[in-house]
Amino acid sequence: MKFGPIPVDTAEGAVLAHATTAGERRFRKAHRLSADDLSLLKAAGVNEVVAAVLAPDDLSEDAAAEKIAESMIHRNIEAKPAATGRVNLHAQAAGIFTVDAAMIDAINAVDPTITIATLAQHAPVEKGQMVATVKIIPFAVASVLVDAVTKICAGGEIIAVNAYQPVRVGVIQTVLPGIKPSVLDKTLRVTEARLARSGGRLTAERRTPHEIGPVAEAAASLARDNDMVVIFGASAMSDFGDVIPAAIEKAGGIVIRAGMPVDPGNLLVLGTLGGKRIIGAPGCARSPKENGFDWVLDRLIAGLEVTAKDIAGMGVGGLLMEIPTRPQPREPLPARAELKVDIVLLAAGRSSRMGGPNKLLALFDGKPLIRRTAERALDSKASDTIVVTGHQRERVRTVLSGLDVTFADNPDFTDGLSSSLKAGIARVSGDAAGALIVLGDMPGVSSADLDRLIDAFRKSEGRSVVRASHGGKRGNPVLLPRSLFAAIAHLEGDTGARHLVEAEGLDVVDVEIGKGASIDVDTREALEGAGGVLQD
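Novice: Provide a residue-level description of the overall build of the chain, including the pertinent values.
Specialist: When you go through the chain residue by residue, the secondary structure sums to 16 helices and 31 strands. A compact globule built from 536 residues should have a C-alpha radius of gyration of about 24 Å, whereas the chain, at 32 Å, is more than 25% larger. Seen through its C-alpha atoms, the chain measures out along the principal axes to roughly 90 × 75 × 35 Å. Of the accessible surface of the chain, which amounts to about 24,600 Å², a share of 51% is contributed by carbon and sulfur atoms. For the chain, the separation between the mean place of its 60 positive charges and that of its 66 negative charges on side chains is 4 Å.

Novice: Please set out the sheet that holds strand 29 (residues 473-481) residue by residue, giving values where relevant.
Specialist: Sheet architecture is open: seven strands sit in the order 26-25-22-27-29-28-30, paired in mixed fashion. Across the chains shown, the open sheet's two edge strands, defined by having one partner strand only, are strand 26 (406-409) and strand 30 (508-512). Taking the axes of each pair of neighbouring strands and ignoring which way they run, one obtains an average angle of 30° across the sheet. Of the strand pairs in this sheet, strand 28 (residues 465-470) and strand 29 are connected by four bridges, and their pairing is antiparallel. When the sheet's bridge partners are listed, R467 is paired in strand 29 with V478. Each of strand 22 (341-347), strand 25 (384-389) and strand 27 (434-439) touches helix 10 (residues 369-378); the most contacted strand, strand 22, lies at about 175° to it. This element, helix 12 (residues 417-425), spans strand 22, strand 25, strand 26 and strand 27 of the sheet and lies at about 145° to strand 22.

Novice: Give me helix 4 (residues 143-153): which residues, what numbers.
Specialist: For helix 4, every residue scored as buried is listed here: V146, V149, T150 and C153. All buried residues of helix 4 lie within an arc of 100° about the axis, which places them on one face of the element. In helix 4, the exposed positions angled more than 90 degrees off the buried face are occupied by V144 and K151. Taken together, the buried residues of helix 4 touch strand 6 (58-60), helix 2 (61-71), strand 7 (73-75), helix 3 (101-108), strand 11 (114-118) and strand 14 (140-142).

Novice: Give a detailed account of the packing of helix 6 (residues 212-225) against helix 7 (residues 243-250), specifying residues and quantitative values.
Specialist: A pair of packed helices is captured by two measures, namely the crossing angle of their axes and the spacing between those axes. It is the contact of helix 6 with helix 7, at a shortest axis distance of 8 Å, that shows an interaxial angle of 55°. Compared by their axis directions, helix 6 and helix 7 come out oblique. Read as a crossing pair, helix 6 and helix 7 show a hand that is right-handed. Of helix 7, the residues touching helix 6 (which contributes I212, G213, V215 and A216) are V243, A246, A247 and K250. Taken together, the residues that form the contact of helix 6 with helix 7 break down as six nonpolar, one polar and one charged.

Novice: Could you give me a rundown of the side chain of D37, with the residues and numbers involved?
Specialist: Tracing the chain through its elements places D37 in helix 1 (residues 35-43). Take D37: its relative accessible area is 5%, and that puts it in the buried class. Other than its neighbours up to four places away in sequence, D37 contacts R25, F27, H31 and R32.

Novice: Talk me through unusual backbone geometry; I want residue IDs and the actual numbers.
Specialist: Leaving glycine aside, a negative phi is the common case for residues, and trans is the common case for peptide bonds. Here the bond from D263 into P264 is cis, since omega is 0°, no more than 30 degrees from zero. Tracing the backbone shows P264 in the loop between strand 19 (254-258) and strand 20 (269-273). A cis amide bond links N476 with the next residue in sequence, P477, at an omega value of 5°. Inspection of the secondary structure assignment puts P477 in strand 29.

Novice: So what about a nonpolar patch on the surface? Which residues, and what values?
Specialist: A surface patch of nonpolar side chains, about 260 Å² in accessible area, is lined by M1, F3 and V50. Assignment of secondary structure puts M1 in the segment before strand 1 (2-7). On the accessibility criterion, M1 (37% relative accessible area) is partly exposed.

Novice: Break down helix 2 for me, citing the residues and quoting the values.
Specialist: Where helix 2 is concerned, the buried positions are E61, A64, A65, I68, A69 and S71. With its buried residues spanning 165° around the axis, helix 2 presents them on a single face.

Novice: Provide a residue-level description of the pattern of salt bridges, including the pertinent values.
Specialist: According to the stated counting rule, one finds 23 salt bridges in the structure shown. Residue R371 pairs with E375 through a salt bridge whose shortest N-O separation is 3.3 Å. One end of the pair, R371, and the other, E375, are both in helix 10, four residues apart, so they sit about a helical turn from each other.

Novice: Summarise the environment of G128; cite the residues concerned and give the values.
Specialist: As for its position among the elements, G128 is in the loop between strand 12 (124-125) and strand 13 (130-136). Along the sequence, G128 and E48 sit 80 residues apart, while their C-alpha atoms lie 44 Å from each other. Excluding anything up to four places from it in sequence, G128 contacts H90 and A91.

Novice: I'd love a proper account of the environment of E217, names of residues and values included.
Specialist: If you trace the backbone, E217 turns up in helix 6. The exposed category is assigned to E217, whose relative accessible area is 62%. Separated by 72 residues in the primary sequence, E217 and L145 place their C-alpha atoms 61 Å from one another.

Novice: I'd like to hear about the sheet that holds strand 12, residue by residue, with values.
Specialist: A sheet is described by the order of its strands in space; here four strands give the open sequence 7-15-10-12, paired in mixed fashion. Each edge of the open sheet is held by one strand with a lone partner, namely strand 7 and strand 12. With three bridges joining them, strand 7 and strand 15 (residues 157-163) adopt parallel strand pairing. Its bridge partner being in strand 15, R75 is matched across the sheet by A160. The strands touched by helix 3 are strand 10 (95-99) and strand 15; relative to strand 15, the strand with the most contacts, the crossing angle is about 140°.

Novice: Give me the side chain of D449: which residues, what numbers.
Specialist: In this structure, D449 sits in helix 13 (residues 447-459). There is no salt bridge for the buried D449, and the closest opposite charge comes from R452, which lies 4.4 Å off by N-O distance. Beyond its immediate stretch of four places on either side in the chain, D449 contacts G444 and I513.

Novice: A description of the pairing of strand 16 (residues 168-175) should follow, citing residues and the corresponding values.
Specialist: The element strand 16 is extensively covered by neighbouring structure, given that six of its eight residues are classed as buried. Sheet topology places strand 16 next to strand 17 (residues 201-209); eight bridges connect them, and they run parallel. Directly across from V175, in strand 17, lies its bridge partner P209. With helix 5 (residues 181-196) bridging strand 16 and its parallel neighbour strand 17, the resulting β-α-β unit is right-handed. Where strand 16 meets strand 18 (residues 228-232), five bridges bridge the pair, whose relative direction is parallel.

The rules behind each value
- Residues numbered from 1 in each chain as written.
- Predicted model: local features only at pLDDT ≥ 70, side-chain atom pairs only at ≥ 80, totals over all residues.
- Heavy atoms only, no water.
- Helix = DSSP H or I, 4+ residues; strand = E, 2+ residues; numbered from the N terminus.
- Rg over C-alpha atoms; globule rule 2.2 N^0.38 Å.
- Areas by Shrake-Rupley, 256 points an atom, 1.4 Å probe, with all protein chains shown as cover.
- Lys, Arg positive; Asp, Glu negative; His and termini not counted.
- Charge placed at Lys NZ, Arg CZ, Asp CG, Glu CD.
- Pairing = 2+ DSSP bridges.
- Axes fitted to C-alpha atoms, helices over the stretch in contact; angles between N-to-C directions.
- Contact = heavy atoms within 4.5 Å.
- Buried < 20%, exposed > 50% of the residue type's maximum accessible area, 1.4 Å probe, protein only.
- Arc of directions from axis to C-beta.
- Parallel < 35°, antiparallel > 145°, perpendicular 65-115°, else oblique.
- Left-handed = near helix turned anticlockwise from the far one by under 90°.
- Nonpolar A, V, L, I, M, F, W, Y, C, P; charged D, E, K, R; others polar.
- Patch = residues over 30% accessible without salt bridge, like charges linked within 9 Å, V, L, I, M, F, W, Y side chains within 5 Å.
- Salt bridge = Lys/Arg side-chain N within 4 Å of Asp/Glu carboxyl O.
- Right-handed = clockwise from strand over helix to strand, strands pointing away.

Take a look at the structure:
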């Protein structure tokens with residue numbers, strides 16, 4: 001193939017390198033020029049084009065990509081039609097992706113004109129997800145190069161989606177004094193969700209003392225009627241002879257591997273019992289966040305063998321995102337007294353239910369509500385107070401003049417609550433462990449109430465969501481740990497952080513502060529009933 005500027009008179013059959021206009025006709029990039037096209041170009045005064053001229057033994061980009069894709073041996077994968085020199089390959093089932101890396105490397109070493117990119121080895125995939133792409137870089141490639149690639153592809157299966165199987169799983173949870181039933185119940189819900197995403201299902205649960213004998217007995221029983229057994233220990237494995245590995249052996253099983261180079265997930269145990277796989281789950285598996293347990297569980301459900309050597313090879317890439325709720329995180333958080341909390345005071349709303357007046361400017365004991373709320377925030381144990389403004393921002397800022405607050409403007413306040421949350425969180429200091437979200441229209445929340453929430457947050461070492469409550473019902477304010485900040489950036493519309501709290505699986509600490517947690521002044525009646533006087 002030759003590439004470069006060529007006279008239009010000799011360009012029949014050439015492939016345009018750039019979009020070109022001839023009068024009212026526009027030729028797109030990669031268009032193959034015909035005799036009629038040349039006439040139009042010359043009539044428009046175009047005497048030269050930048051194009052590719054194919055040699056007799058060249059294949060066009062689409063033909064080359066299609067030939068390579070057709071020569072690839074794969075499983076549960078569908079190749080899409082070629083376009084712009086690319087063939088995309090998609091999963092026909094949910095499962096675990098596997099790839100012969102040596103074959104891919106060999107193909108990519110043939111010539112830079114031919115490329116294949118894939119997902120990572122053992123990546124989980126959904127049905128319909130793209131798993132690989134064949135891309136030809138130039139407009140054409142020598143057929144001898146394509147032949148070299150197809151020869152490599154003939155060497156065996158190059159990529160595959162190992163489909164998840166509908167396995168039945170039995171769960172054992174050991175119990176020690178002090179472990180809450182709510183923790184065990186949550187573990188079941190998280191496990192059921194984890195299995196559902198890959199086609200498995202939880203069929204039975206046993207709760208036993210954290211002792212070798214009872215665990216061994218329960219494991220043997222569950223292994224008879226299920227494809228797999230998962231054990232959640234009330235206490236983490238601290239030795240290779242600890243309860244879970246010892247119970248597997250006592251039941252007549254074999255421990256394949258205890259411990260793995262994936263964090264979170266170091267304390268996983270993998271074994272076999274009666275021809276069935278048995279997993280001693282690490283404590284982090286009680287969280288829905290990705291951890292080493294997912295890596296092993298998903299592969300087994302996809303019908304893949306997991307050996308001690310496989311687990312030993314998981315260290316590269318095995319440092320996963322920290323799970324804030326772990327009892328022993330990788331790095332200790334600052335001492336409780338040093339945990340910094342910023343307040344995000346939301347004052348951007350339109351007071352639409354008031355029918356005109358801004359409720360935040362209503363007078364309470366002769367003082368604008370938003371100023372009184374800001375003063376209470378400043379009198380609390382919070383380090384900084386960030387006021388998010390939007391509707392009537394100048395009026396709000398005027399009534400707050402002289403106060404040591406930071407303003408965060410929200411030009412998108414009409415989009416709803418999420419826009420104000422994002423604007424406020426973006427201004428929280430980098431060393432703050434959490435943000436206390438305070439609504440500007442809650443006159444019954446005092447500085448002491450805010451301090452109680454901050455104290456509870458520090459007591460949890462910054463790992464829990466802390467929520468004000470009244471009479472056992474959730475209310476406001478809410479203190480969010482830093483681990484939720486990234487997710488808040490993706491909120492849309494008139495949505496708060498409530499569903500994030502539920503989806504992330506963090507512990508929630510409710511702090512009873514009285515009726516102030518449930519009193520806001522959204523309506524004229526509510527405001528006047530709380531002692532406020534509206535201003536025009």
